[in-house]
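For reference, the chains in residue letters:
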Amino acid sequence: MAGVNKVILVGNLGKDPEVRHLEADKKVAKFTLATTEAYRDRNGQRVENTEWHHVEFWGPVTEVIEKYLKKGSQVYVEGKLRTRSYEDKEGVKKYVTEVIGQNLTLIGGKPSEGEGTGGYGETTAKGGRVNESAPSSVVADNDADDLPF
């Protein structure tokens, strides 16, 4: 039986995305995404738990991320989890789990002039092309993991 590796997140960017330009006109965009869940404890007090996620997108969608996303922007992200390891300066093996983004939807509206966070126009990228007049869904250039249902 084949496995499924899918994650769906809705949250806010913790800081401006970092977009790096690599060789052969490739780009990678990385950002942290905060997801917060709220509930009431036994005493009726409101409790909030915030999880921070490392998100990474590759390809043409990085143009949309670079142009429209800022600290505080709210986004819907679909992707898959990847865990990798590295050694720190002291030689200790560390692990990090990241979301490799496959679909990005910009949530919210365009801010009024002068606002510093959050807004954007409607933008989409499908099959590696960016179209700024389409709905606000962005799909990374990786259809190999799409499920048939």
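The numbering scheme is per chain: residues are counted from 1 as the chain's sequence reads. Two thresholds apply to this predicted model, a pLDDT of at least 70 for residue-level local features and 80 or more for giving and counting side-chain atom pairs, whereas whole-chain, interface and lining totals are computed over all residues. With hydrogens and water stripped out, all remaining heavy atoms of the structure feed into the side-chain values.

1. A look at the overall build of the protein
Piece 1. A count of helical and extended segments in the protein gives 1 helix and 9 strands.
Piece 2. When accessible area is computed with a 1.4 Å probe and restricted to protein chains, residues below 20% of their type maximum are described as buried, those above 50% as exposed, and intermediate ones as partly exposed. Burial statistics for the protein: of 149 residues in total, 34% are counted as buried.
Piece 3. For the protein, the share of sequence-separated contacts (at least 6 apart) that also reach a separation of at least 24 residues comes to 54%. Helix and strand labels come from DSSP, where a helix needs a run of H or I of at least four residues and a strand needs a run of E of at least two; each type is numbered from the N terminus. We call two residues contacting when some pair of their heavy atoms lies within 4.5 Å.

2. Regarding the nonpolar core
Piece 1. Core analysis: the biggest nonpolar cluster contains 19 residues, and Phe-31, Leu-33, Phe-57, Ile-65, Val-75, Val-77 and Leu-104 have the highest contact counts within it.
Piece 2. Sorting the residues of this core by element identifies β1 (7-13), β3 (27-40), β4 (46-58), α1 (61-68), β5 (74-87) and β6 (93-107) as the ones contributing at least two each.
Piece 3. Residue contributions to this core peak at 4 residues, all from α1.
Piece 4. Once residues lying within four places of it in the same chain are set aside, the contact partners of Leu-33 are Leu-9, Gly-11, Asn-12, Leu-13, Glu-51, Trp-52, His-53, Val-55, Val-75 and Val-77. The criterion is simple. A nonpolar core is a set of buried Ala, Val, Leu, Ile, Met, Phe, Trp, Tyr and Cys residues joined through side-chain atoms within 4.5 Å.

3. Topic: α1
Piece 1. Of the residues making up α1, those classed as buried are Val-61, Thr-62, Val-64, Ile-65 and Tyr-68. Angularly, the buried residues of α1 cover 155° about the axis, an arc narrow enough to put them on a single face. In this description, the arc belongs to the directions extending from the helix axis to the C-beta atoms.

4. Re the packing of aromatic side chains
Piece 1. Any pair of Phe, Tyr and Trp rings, taking the six-membered ring for Trp, is counted once the centres come within 6.5 Å. Such a pair is stacked with planes under 30 degrees apart, edge-to-face with planes over 60 apart, and tilted for the rest. Under the definition given, this model contains 1 aromatic pair.
Piece 2. Ring geometry for Phe-31 versus Phe-57: centroids 6.3 Å apart, planes at 15°, classification stacked. Placement of Phe-31 in strand β3 and of Phe-57 in strand β4 is noted, with a sequence separation of 26 residues between them. In this structure, Phe-31 and Phe-57 share a single accessibility class: buried.

5. Focus on the side chain of Glu-56
Piece 1. Assignment of secondary structure puts Glu-56 in strand β4.
Piece 2. A polar atom in the side chain of Glu-56 sits 2.7 Å from the side chain of Trp-58.
Piece 3. Residues within four places of Glu-56 in sequence aside, it is in contact with Val-28, Ala-29, Lys-30, Arg-82, Glu-98, Val-99, Ile-100 and Gly-101. Counting of polar contacts relies on pairs of N or O atoms within 3.5 Å, with two restrictions inside protein: one atom must be capable of donating a hydrogen and the other of accepting it, and residues adjacent in sequence are counted only when both atoms are side-chain atoms.

6. Topic: the environment of Tyr-39
Piece 1. Tracing the backbone through its elements, the reader meets Tyr-39 in strand β3.
Piece 2. Owing to a relative accessible area of 38%, Tyr-39 belongs among the partly exposed residues under this scheme.
Piece 3. Each C-alpha atom of the pair Tyr-39 and Asn-49 lies 8.7 Å from the other, and the pair is 10 residues apart in sequence.
Piece 4. When residues no more than four places from it in sequence are discounted, the contact partners of Tyr-39 are Gln-45, Arg-46, Val-47 and Asn-49.

7. Here we look at the confidence of the model for the protein
Piece 1. pLDDT is defined as a per-residue confidence score from the predictor, taking values between 0 and 100. Summary statistics for the protein give a mean pLDDT of 81 and a share of 72% for residues scoring 70 or more.
Piece 2. Counting contacts from residues 111-136, a segment whose pLDDT is below 50, to residues more than four positions away or on other chains yields 64 contacts.
Piece 3. Below a pLDDT of 50 lies the segment residues 143-149, which in the model reaches 3 contacts outside its immediate sequence neighbourhood of four places, other chains included.

8. A word on unusual backbone geometry
Piece 1. Of note in the backbone geometry, Ala-24 takes a positive phi value of approximately 60° without being a glycine.
Piece 2. Examined against the element boundaries, Ala-24 turns out to sit in the loop between β2 (18-21) and β3.
Piece 3. Despite not being glycine, Asp-25 shows a phi value in the positive range, around 60°.
Piece 4. With respect to the helices and strands, the residue Asp-25 is situated in the loop between β2 and β3.
Piece 5. On the basis of relative accessibility, which here comes to 77%, the residue Asp-25 falls in the exposed class.

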